[in-house]
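Notes for the structure review
Given next are the chains, with one letter for each unit.
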Amino acid sequence: MKFCTEKIGISPKISSFSIPIGATINMDGTGIFYSTTCIMLLKMYGVEIDSAAIFTLLLAIFTVSIGTPGIPGGAVVLMAAIVGMFGVPAEAIAIILGISPLEDRISTTTNVIGDIGASTILAKTENLLDTNIYYKM
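What comes next is a walk through the structure. (Residues numbered from 1 in each chain as written. Predicted model: local features only at pLDDT ≥ 70, side-chain atom pairs only at ≥ 80, totals over all residues. Heavy atoms only, no water.)

Regarding helix 3 (residues 28-44)
- Here helix 3 spans 24 Å end to end across 17 residues, near enough to the 24 Å set by a 1.5 Å rise per residue.
- Inspection of helix 3 places Gly29, Thr30, Gly31, Phe33, Tyr34, Thr37, Cys38, Leu41 and Leu42 among the buried residues, and these make up the whole buried set. (Helix = DSSP H or I, 4+ residues; strand = E, 2+ residues; numbered from the N terminus. Expected span 1.5 Å × (residues − 1). Buried < 20%, exposed > 50% of the residue type's maximum accessible area, 1.4 Å probe, protein only.)

Notes on the packing of aromatic side chains
- Using the criterion set out here, one finds two aromatic pairs in the structure.
- For the ring pair Phe33 and Tyr34, a centre distance of 6.3 Å and an interplane angle of 35° mean the geometry is tilted. Neither Phe33 nor Tyr34 differs from the other in exposure class; each is buried.
- A centroid spacing of 5.3 Å and a plane angle of 75° characterise the contact between Tyr134 and Tyr135, whose relative ring orientation is edge-to-face. (Phe/Tyr/Trp six-rings, centres within 6.5 Å; stacked < 30°, edge-to-face > 60°.)

Structural notes on unusual backbone geometry
- Positive phi values are uncommon outside glycine, yet Asn127 reaches one of about 55°.
- In this structure, Asn127 sits in the loop between helix 6 (100-125) and helix 7 (131-136).
- Look at Asn127 and you get exposed, because its relative accessible area is 70%.

Here we look at the nonpolar core
- In this structure, Tyr34, Leu42, Leu57, Met79, Ile82, Val83 and Ile93 are the most contacted members of the largest nonpolar core, which totals 22 residues.
- Mapped onto this core, the elements with two or more residues apiece are helix 3, helix 4 (51-67) and helix 5 (74-84).
- Ranked by residue count, the leading element in this core is helix 5, at six residues.
- Setting aside its immediate chain neighbours within four residues, Tyr34 contacts Ile61, Val64, Ser65, Thr68, Gly74, Ala75, Leu78, Met79 and Ile82.
- Residues Cys4, Ile116, Ala123 and Leu129 belong to the second largest nonpolar core, which totals eight residues. (Core = buried A, V, L, I, M, F, W, Y, C linked by side-chain atoms within 4.5 Å. Contact = heavy atoms within 4.5 Å.)

Now the structure itself:
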């Protein structure tokens, strides 16, 4: 929030609301990670993915990505539950454990950039963006 206010010029009125909300429910990076990895694991284990399976998978991913804890490796544990719904053993998650710390950083970056971008757009539309600070970047 300090970065948004001091470096971008977003009003504290906007950043103090949108950044904490975004940190809680904006999990774009996590959703992308769940989607690609779950489909990869399902295909590796020969699970047939029809339209009903895709709908179920996306609903589970949407629900779980909002509730994923903000701790390193939190997504890996919940992914075991998602692929377990389709009969894939939880041990399959071991395949991605090596890249999980790197992917976690990418997901966090995606989430934070989304939060800052949405806050900037909101501040601009509400005339609460200090353009002197914003254009000085």
